[in-house]
Amino acid sequence: MSWTDDRVELLKKMWGEGQSASQIAKELGGVTRNAVIGKVHRLGLSNRATSAGESKAKAEPKAKPAPKPKAAEPKVVSAKPDLKTEPAVPPRVPGAPNPRKAIIPAGQPLPPQPSANEISPEALAKVNEIEKGAKKLSLMELTERTCKWPVGDPATPDFWFCGLPTQSGKPYCEAHVGVAFQPMSSRRDRRR
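Residues numbered from 1 in each chain as written. Predicted model: local features only at pLDDT ≥ 70, side-chain atom pairs only at ≥ 80, totals over all residues. Heavy atoms only, no water.

Caption draft 1: Representation of the pattern of salt bridges. Using the criterion set out here, one finds four salt bridges in the structure. Close ionic contact of Lys12 with Glu9 constitutes a salt bridge, the shortest N to O distance being 3.9 Å. Note that Lys12 and Glu9 are positioned in helix α1 (residues 5–16) at a spacing of three residues, about one turn of the helix. Judged by relative accessible area, which is 36%, Lys12 ranks as partly exposed. (Salt bridge = Lys/Arg side-chain N within 4 Å of Asp/Glu carboxyl O. Helix = DSSP H or I, 4+ residues; strand = E, 2+ residues; numbered from the N terminus. Buried < 20%, exposed > 50% of the residue type's maximum accessible area, 1.4 Å probe, protein only.)

Written as structure tokens, this is what we have:
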């Protein structure tokens, strides 16, 4: 369905008459209520927030309410205003570390992040061994049965995925599951 000039004119006419978007869609045929609403917005037609009952009420003039008596205005005592304000950002002390975090440009590796769970050296050694024999697949070569562990920086051409067979019910191979899914730390266990 395309919006021909005739259909647009009919839409404008019916919209101006106060017809609903559903009624206009039914009359035009082949369009949905949402298509009508979208076209109304694209055409910049007025937003009709009033209902039929309110439009009749607008036609009848309303009686003006009686003016309210004005309260006595308080007298202003002449005093000098206090113009001292605190700066929005405290001044930087030379030699002090910058409290704001540095913005890392896209494609740059992130600095090492502190981890709540430290990865065991055995698991890291196993991952290093496994990655030597990995299939090094691209994103388009991944399947349900291949390990989806990313290796390298995605912004570089030498980025790849492990590609070894996955562990049952997991997205990674056995070695990468050992790194990705860590047991809860003892501190979290004590809270429960």
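Caption draft 2: Structural view of the packing of α1 against helix α2 (residues 21–28). Between α1 and α2, whose axes approach to 10 Å, the crossing angle comes to 145 degrees. The hand of the α1/α2 crossing is right-handed. For the pair formed by α1 and α2, the contact residues are Arg7, Leu10, Leu11, Met14 and Trp15 on the first element and Gln23, Ile24, Glu27 and Leu28 on the second. In terms of residue class, the contact of α1 with α2 is built from six nonpolar, one polar and two charged. (Axes fitted to C-alpha atoms, helices over the stretch in contact; angles between N-to-C directions. Left-handed = near helix turned anticlockwise from the far one by under 90°. Contact = heavy atoms within 4.5 Å. Nonpolar A, V, L, I, M, F, W, Y, C, P; charged D, E, K, R; others polar.)

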